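# Observations on the model geometry
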Amino acid sequence: MNPESWFLIGHIVCISQWCAFIMVDYAYLGKGRVRPLWLWTTVLVAGELFLGIKLNIGFFTLLSIWENVGFVLVSTLVFGGTLAQKLTAALINGTMCLLAENTVRYVASWVTHTSLLMIWKRMDCLVAMTITNVIVGVLVAYFAHRWKTERALESPQALVMSFFPGITVVLNVVLMISAEDKPADFLMLLLTLGLTVAVLIHMGIVQMFNDQMAQQQALHVQAALERERAEALMDSYTTQRRLTHEFTNHTDALALLLQQGEYEEAKAYLATVTKTIAANTTIMDTHNPLLDALLSKKYEEASREGVMLYFDLPDLREIPLDNTDLVMVVSNLLNNAIDAAAKADPPEVYFRMRKTEAELLVSVRNRVQKNLDLPDGQLPRSTKKEPGHGMGLWNVTDVLRKYQGEYTISCREKWFRFTCSVPVRKI
Amino acid sequence: MHLLICDDDARFAARVEQKVRDELAQRGIPAQITVCTRGEEALATPHLELYQVALLDVDLDTMNGISLGRQLRQSSPDIALIYISAYLEFAPEGYTVNAFRYILKRDMERMLPNCLEALFREKTASGRKVLTIRQNRTEMELPYDSIYCLESDLRKVNVYGDVPHQPLCSYYGKLTDLPAELFENGFLRVGRSDVVNMRYIRQISGYKVTLRNGVELSVSRNGYAAIRATYLEWKGQFSDES
């Protein structure tokens, strides 16, 4: 291959690799503050290309490894995510790049009997490398996106899981720089392929573990919801039993008044009894018994925390959510709001629902201690350390997705707002 | 400030009156408070149109507090209704009065001060809700409620009301020069040349905003998601369509 073709195709391989990194970053980290994303990622790739040409870094050299390390780290800055997530994305990219490159290199060298140092001078090898980069990039981006969406693995678990790929990266770097000027022998080929297969199996195991964790968390959430619903209904039932007991006393008193012919007294007494009964059951009536019980319970919880919880609700007899999903949405939204408002001054929460022919609107506003950083309306991260926590709003959004609903969150002037709508006609 | 308190429990009404007096005195607001124990008495109060706030029980002896609130609104359309009740009943007709707050009697002492604070803040802010247009040495004030949308047309801005395609007024200016306060009060820029009052949006779909008077406006594709999100948040907080 002449130097011009080598220069051109070599850089195409590099660009395909950087594009693969960007795909994985985008899938795993999502959008960040830097806008517009397409412009900055293009600037990044162009800058890296310029640097490579200007400094004459070359291809598949030790210096080019450092160039790529720099790229995988810097590219994460353009995207969202936490520091730990950015480092994980960099590790995923590093593993992906080295595995793909070494596998193609050793397989091509073994098949064509070409020296490991000269293999990159072959056009077919470079084309294979470019295609591999794109295919592997798309596949890894797909799995990275799934992990991010399922988000079952907590940070420490994810860190432990990335230990093995970390070792693989080191071994691949050793393989790369220790390549001799002769064709790959069968042992080295097996070693390279073995590492690739091992990483694929490892990814499979991580995926299985992740699925199990997701399933466990779903069960955990389900159990918590059932408990919440049972407690709310139990509170309501206990109150009803107490009232039934009291009612006997009231009927006795009424009977006595009527026997004595004191009808006006009886009427007045009846009026007070009616009010007392209303005030002692649940604190509200939306004509939806489960919601009444649940909201009454949340009101009591808020009162205990010193939080002022204001309701503004319509008649909620028929709403486009089934009971389990209703508990999921209302409990999670109010739990989060009450927790946050309890630390704020003044501790206030507003819960508003509106029902129209087209949709059910739910709006929760609560005071917060300080404004939250929510780039692009992303859900806030949990501040709690216990496993399973911080999933509340994620679960609410899962329910909304199920009903083809939409939501928006914002935080300004120390008010956190979560608003969602569920279409009525699509049920 | 004129306030009306109506609760069939005279002792509780007196407690509310005392609490309100204390709160107003703290803020240096002179108060004219009328306390009633029956709905009919409340409706017969002289100069009802002067009253700005009514604190009502929902369950009155001879009248429903919600229908009392609705009748008070007929005499005094801007009156703020605060329901203080032993029990919060959100019946179908309940929320159509658009009450400012619902408070439980047992929490009156704790919640009323914050409620009044929020109310005073809102009352103070609501005094300025007009768009002032200065042109040719004349000044014109258009209430926000009367504006459906504003459209930029070359060097002019056309202000439209409920009648489609017939501007309430036109003046030389730019949409970028509109006061920030307008956008804090339910107006939303939906494209390069249109600002709409969210109160009059019927729906946003297919990159179009449809207003209640049937006017359709194009929404910028870049900002479409953000515009929908802003409208959703506004609906959640303010819309009162039944």
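Residues numbered from 1 in each chain as written. Chains lettered and ligands numbered in written order. Predicted model: local features only at pLDDT ≥ 70, side-chain atom pairs only at ≥ 80, totals over all residues.

An unreviewed UniProt entry lists chain B under the name Stage 0 sporulation protein A homolog, with Faecalibacterium hattorii given as the organism.

Per an unreviewed UniProt entry, chain A goes by the name ATPase and belongs to Faecalibacterium hattorii.

### Overview of the overall build of chain B
Filter applied, for reference: In DSSP terms, a helix is any run of H or I states spanning at least four residues, a strand is any run of E spanning at least two, and both are numbered starting from the N terminus. Three exposure classes are used. Buried residues have 20 or more other C-beta atoms within 10 Å of their own C-beta, exposed residues have 12 or fewer, and partly exposed residues fall in between, all C-beta atoms being placed from the backbone. Working definition of a contact: two residues with C-beta atoms, positioned from the backbone, lying within 7 Å.
Across its full length, chain B carries six helices and 16 strands. Counting over 242 residues, chain B shows a buried share of 33%. Considering only contacts within chain B whose residues lie at least 6 apart along the sequence, 49% involve residues at least 24 apart.

### Here we look at the overall build of chain A
The helix and strand tally for chain A stands at 12 helices and six strands. Expressed as a percentage of the 427 residues in chain A, the buried residues total 34%. Within chain A, contacts between residues separated by at least 24 positions form 75% of all contacts whose residues are at least 6 apart in sequence.

### Observations concerning the UniProt feature "modified residue: 4-aspartylphosphate" (unreviewed entry) in chain B
Residues and elements named next belong to chain B. What counts, and what does not: UniProt positions are given in the numbering used here, feature names are shortened, and annotations may be inferred rather than shown by experiment.
In this structure's numbering, the residues bearing the UniProt feature "modified residue: 4-aspartylphosphate" (unreviewed entry) are Asp57. Positionally, Asp57 belongs in the loop between β3 (53-56) and α3 (65-75). Here Asp57 falls in the buried class, since 26 other C-beta atoms lie within 10 Å of it. Those residues in contact with Asp57, other than ones at most four positions away along the chain, are Cys6, Asp7, Asp8, Gly65, Ile84 and Ser85.

### Observations concerning the sheet that holds strand β5 (residues 406-412) of chain A
Test applied: Whether two strands pair comes down to DSSP finding at least two bridges between them. Every axis corresponds to a line fitted to the C-alpha atoms, with the helix fit spanning only the stretch in contact, and the corresponding angles, defined between N-to-C directions, vary from 0 to 180 degrees.
One open sheet accounts for five strands, arranged β2-β3-β4-β6-β5 (chain A); its pairing is mixed. Each edge of the sheet is formed by a strand with only one pairing partner; in this case those strands are β2 (308-312) and β5 of chain A. With direction set aside, neighbouring strand axes in the sheet form an average angle of 10 degrees. Sheet analysis places strand β4 (residues 359-367) of chain A next to strand β6 (residues 415-423) of chain A, joined by nine bridges and oriented antiparallel. Residue Arg365(A) lies in a different strand from β6(A), and its bridge partner there is Arg417(A). Sitting on the sheet, helix α6 (residues 224-238) of chain B is in contact with β3 (348-355), β4, β5 and β6 of chain A, with an inclination near 85 degrees to β4(A).

### Topic: the UniProt feature "transmembrane region" (unreviewed entry) in chain A
Residue and element names in this part refer to chain A. As recorded in UniProt, the sites labelled "transmembrane region" (unreviewed entry) are residues 6-28, 37-59, 65-84, 125-145, 157-179 and 186-209. Secondary structure across residues 37-59 comprises 78% helix and 0% strand; the distance between its end C-alpha atoms is 27 Å. Helix makes up 100% of residues 186-209 and strand 0%, and the two end C-alpha atoms of the span are 34 Å apart.

### Observations concerning the sheet that holds strand β15 (residues 208-211) of chain B
All names here are of chain B. If you walk across this open sheet you meet the three strands as β14-β15-β16, and the pairing is antiparallel. Each edge of the open sheet is held by one strand with a lone partner, namely β14 (201-205) and β16 (216-218). Here the average twist between neighbouring strands, direction ignored, is 20 degrees. Here β14 pairs with β15 via four bridges, running antiparallel. Bridge assignment links Ile204 to a residue of β15, and that residue is Val209.

### So, the pairing of β5(A)
In summary, the side chains of a regular strand alternate between the two faces of the sheet. Residues and elements named next belong to chain A. Alignment of β5 against β6, held across seven bridges, turns out to be antiparallel. Paired with Cys411 across the strands is Phe416, a residue of β6. Hairpin connection between β5 and β6: a loop of two residues separates the two successive antiparallel strands, and Glu413 in this loop has a positive phi of roughly 50 degrees.

### Points about unusual backbone geometry
A cis amide bond, omega -5 degrees, links Asp345(A) with the succeeding residue Pro346(A). In this fold, Pro346(A) is placed in the loop between α11 (323-342) and β3. Residues other than glycine seldom take positive phi values, yet His287(A) does so here, at roughly 65 degrees. As for its placement among the helices and strands, His287(A) is situated in the loop between β1 (284-285) and α10 (289-304). Accessibility expressed as a C-beta count within 10 Å gives 15 for His287(A), which makes it partly exposed. Non-glycine residue Leu154(B) carries a positive phi angle of around 55 degrees. Residue placement: Leu154(B) occurs in the loop between β9 (149-153) and β10 (156-160).

### Quick notes on the packing of helix α1 (residues 3-29) of chain A against helix α2 (residues 37-54) of chain A
All names here are of chain A. Our working definition: Crossing handedness follows the turn of the near helix against the far one: under a right angle anticlockwise gives a left-handed crossing, and clockwise gives a right-handed one. Just so you know the grouping, Ala, Val, Leu, Ile, Met, Phe, Trp, Tyr, Cys and Pro go in nonpolar, Asp, Glu, Lys and Arg go in charged, and all remaining residues, Gly too, go in polar.
Closest axis-to-axis distance for the α1/α2 pair is 11 Å, and the angle between their directions is 145 degrees. In the crossing of α1 with α2, the sense of the turn from one axis to the other is right-handed. Of α2, the residues touching α1 (which contributes His11, Cys14, Ile15, Trp18 and Ile22) are Thr41, Val45, Glu48, Leu49 and Gly52. Here the residues of the contact of α1 with α2 sort into six nonpolar, three polar and one charged.

### Considerations on the nonpolar core
Rule in force here: As used throughout, a nonpolar core is a set of buried Ala, Val, Leu, Ile, Met, Phe, Trp, Tyr and Cys residues joined through C-beta atoms within 7 Å of each other.
Formed by 79 residues in total, the largest nonpolar core has its most connected members in Val349(A) and Ile82(B). When residues of this core are assigned to their parent elements, the largest contribution, 11 residues, is made by α11(A). Setting aside chain neighbours within four positions, we find Ile82(B) in contact with Val53(B), Leu55(B), Ala99(B), Phe100(B), Arg101(B), Ile103(B) and Cys115(B).

### Some remarks on the environment of Phe79(A)
All names here are of chain A. The residue Phe79 is located in the loop between α3 (62-78) and α4 (83-112) in this model. In this structure the C-alpha to C-alpha distance between Phe79 and Tyr26, which are 53 residues apart in sequence, comes to 6.7 Å. Not counting chain neighbours up to four residues away, the residues in contact with Phe79 comprise Asp25, Tyr26, Leu29, Gly30, Lys31 and Gly32.

### Focus: α6(B)
Helical periodicity: at 3.6 residues per turn, an α-helix aligns residues three or four positions apart in one direction. To be explicit about the condition: In this analysis, the expected span of each helix is defined as 1.5 Å times one less than the number of residues it contains.
The first and last C-alpha atoms of α6(B) sit 21 Å apart over 15 residues, in line with the 21 Å expected at 1.5 Å per residue. Those residues of α6(B) not exposed but buried are Ile227(B), Tyr231(B), Leu232(B), Glu233(B), Lys235(B) and Gly236(B).

### Considering the packing of α4(A) against helix α7 (residues 163-177) of chain A
All names here are of chain A. Test applied: Angle categories are assigned with fixed cut-offs, so that under 35 degrees is roughly parallel, over 145 is roughly antiparallel, 65 to 115 is roughly perpendicular, and the rest are oblique.
Their axes nearest at 9 Å, the elements α4 and α7 cross at an angle of 40 degrees. The orientation of α4 with respect to α7, classified from their angle, is oblique. The two elements α4 and α7 meet at a crossing, and its hand is left-handed. Of the residues in α7, those touching α4 at Leu91, Gly94, Thr95, Leu98, Leu99 and Asn102 are Pro165, Gly166, Thr168, Val169, Asn172, Val173, Leu175 and Met176.

### As for α4(A)
Residue and element names in this part refer to chain A. Along its 30 residues, α4 runs 43 Å from first to last C-alpha, staying within 8% of the 44 Å computed at 1.5 Å per residue. Most of α4 is tucked away, with 22 of its 30 residues classed as buried. Phi turns positive, to about 55 degrees, at His113, one or two residues after α4.

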